[in-house]
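Commentary on secondary and tertiary structure
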Amino acid sequence: RIVKAQQRVEASRPYAVQLTEAMEDLARHSGSLSHSLLEERPEPASAGVLVCTSDRGLAGAYTANVIKEAETVLSSIRRRGLEPVLYVSGKKGVGYFRFRGVPIEAEWQGHTEVPAYEVAQQIGTRLIDDFAAGTIDELYCAYTDFRSAFTLRATAQRFLPIAQHEVTGTGVRKVHAEYLFEPAPERILDHLLPQYVVTKVYAALLESAA
């Protein structure tokens, strides 16, 4: 089971790399990238936290470590004077926060052992919609970063707004692909950036499952 989970993690990475490279090329041709998902909001009022936990137990301190990381992020958000907005993946996380009376904006259960891309798309779309609507001005994700059966740790990353350096690249590729853009680069970006967010959510779910 762990080998299959690790294979799913490895299989998802080339897509994420290629997607990032496509946006790097887009930035190179257009000179810059401008999009609402990249824009820092000068006076944020709220920040979302997506917590990736499991549906089942018998996983040692896995869920406890992720929740501890999520609580740290939530505390940091409150200290900044922002309103935390909670999103939870996994039955264990939902049960933990419900028991403590913490409001949950949205939840997803029944998929954590073998996450499907369609679930990541549902989660990512909801998060992007809430960001666009102003329900949240930032988004963080607490999940388990998997490197091997012996190297894993609970971690938190900011997903929204997307950091410019994530999609503009560092010029490490020696040969860039040449493109003729149709439709315009701006419309292509309207598709690629949401896909990038969904891909990050999917990666977090796969890493956590492994």
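Predicted model, so just to flag it, every value in this text is computed and none were measured.

Rules and cut-offs
As a convention, each chain's residues are numbered from 1 in the sequence order in which they are written. Local features in this predicted model are restricted to residues whose pLDDT is 70 or higher, and side-chain atom pairs enter the listing and the counts only when it is 80 or higher, whereas totals over whole chains, interfaces and linings include all residues. Side-chain measures were taken over the full set of non-hydrogen atoms in the model, leaving aside hydrogen atoms and water. Scored from 0 to 100, pLDDT records how confident the predictor is in each individual residue. Helix and strand labels come from DSSP, where a helix needs a run of H or I of at least four residues and a strand needs a run of E of at least two; each type is numbered from the N terminus. Residue contacts are counted whenever heavy atoms from the two residues lie within 4.5 Å of one another. Any carboxyl oxygen of Asp or Glu that lies within 4 Å of a side-chain nitrogen of Lys or Arg is treated as forming a salt bridge with it. Throughout this description, buried means an accessible area under 20% of the type-specific maximum (1.4 Å probe, protein chains only), exposed means over 50%, and partly exposed covers the range between. Here, a strand pair is defined by DSSP locating no fewer than two bridges between the strands. In plain words, nonpolar cores are sets of buried Ala, Val, Leu, Ile, Met, Phe, Trp, Tyr and Cys residues tied together by side-chain atoms within 4.5 Å. Lines are fitted to the C-alpha atoms to define the axes, a helix being fitted only along its stretch in contact, and any angle between axes, read from their N-to-C directions, falls within 0 to 180 degrees. Working definition: roughly parallel below 35 degrees, roughly antiparallel above 145 degrees, roughly perpendicular at 65 to 115 degrees, and oblique for all remaining angles. When the near helix sits turned anticlockwise from the far one by under a right angle, the crossing is termed left-handed; a clockwise turn instead gives a right-handed crossing. Just so you know the grouping, Ala, Val, Leu, Ile, Met, Phe, Trp, Tyr, Cys and Pro go in nonpolar, Asp, Glu, Lys and Arg go in charged, and all remaining residues, Gly too, go in polar. For this analysis, a ring pair means two rings from Phe, Tyr or Trp (six-membered ring only for Trp) whose centres lie within 6.5 Å, classed as stacked if their planes differ by under 30 degrees, edge-to-face if by over 60, and tilted for the remaining angles.

Overview of the confidence of the model for the protein chain
The predicted coordinates of low-pLDDT regions are not to be read in fine detail. The share of residues in the protein chain with pLDDT of 70 or more is 81%, and the mean pLDDT across the chain is 83. Mean pLDDT values over the elements of the protein chain span from 70, in helix H1 (residues 2–30), up to 97, in strand E2 (residues 83–89).

Things to note about the environment of Thr20
On the secondary structure map, Thr20 appears in helix H1. Spatially, the C-alpha atoms of Thr20 and Glu166 are 7.7 Å apart, while their sequence positions differ by 146 residues. If near-sequence neighbours (up to four positions away) are discounted, Thr20 is found in contact with Glu166, Val167 and Tyr196.

Some points on the pattern of salt bridges
Applying the stated criterion across every chain, the model contains six salt bridges. In this structure, Glu107 and Arg98 form a salt bridge, with 2.9 Å as the shortest nitrogen-oxygen distance. Through salt bridges with shared partners, a single ionic network connects Glu105, Arg126 and Asp130.

Observations concerning the pairing of strand E1 (residues 46–52)
The buried count for E1 comes to seven of seven residues, which makes it a mostly enclosed element. Of the two faces of E1, both are covered, the one formed by Ser46, Gly48, Leu50 and Cys52 as well as the one formed by Ala47, Val49 and Val51.

Some points on the pairing of E2
In terms of burial, E2 is largely enclosed, as five of its seven residues are buried. Pairing of E1 with E2 involves seven bridges; the strand directions are parallel. The partner of Cys52 across the bridge, within E2, is Ser89. Bridge analysis of E2 against strand E3 (residues 106–108) gives three bridges, and the strand direction is parallel. Along E3, the bridge assignment pairs Ser89 with Trp108.

Thoughts on the nonpolar core
Leu50, Tyr87, Ile123, Ile162, Leu193 and Val201 are the most contacted members of the largest nonpolar core, which totals 36 residues. When contributions to this core are tallied by element, the ones reaching two or more residues are H1, E1, E2, E3, helix H4 (117–133), strand E4 (138–148), strand E5 (151–160) and helix H6 (185–209). With 11 residues, H6 is the largest single contributor of residues to this core. In this structure Ile123 touches Leu50, Trp108, Val201 and Leu205, once residues within four positions along its chain are discounted. Of all hydrophobic cores here, the second largest spans 16 residues; its members include Tyr62, Ile77, Leu86 and Ala142.

Quick look at the packing of helix H2 (residues 62–79) against helix H3 (residues 91–99)
Contact geometry of H2 with H3 gives a least axis separation of 11 Å together with a crossing angle of 50 degrees. With respect to their mutual orientation, H2 and H3 come out oblique. In terms of crossing hand, the pair formed by H2 and H3 is right-handed. Facing Thr63, Ile67, Glu71 and Leu74 of H2, the residues of H3 in contact are Lys92, Gly93, Tyr96 and Phe97. Of the residues in the contact of H2 with H3, the class split is four nonpolar, two polar and two charged.

With respect to the packing of aromatic side chains
Under the criterion given, the structure shown has two aromatic pairs. Plain terms: the ring middles of Tyr96 and Phe97 are 4.9 Å apart, the flat faces sit at 90 degrees to each other, and that makes the pair edge-to-face. Taking 5.3 Å as the distance between ring centres and 90 degrees as the angle between the ring planes, the aromatic pair formed by Tyr117 and Tyr202 counts as edge-to-face. Of the two residues, Tyr117 sits in helix H4 while Tyr202 sits in helix H6, which places them 85 residues apart along the sequence. With relative accessibility at 22%, the residue Tyr117 sits in the partly exposed group.

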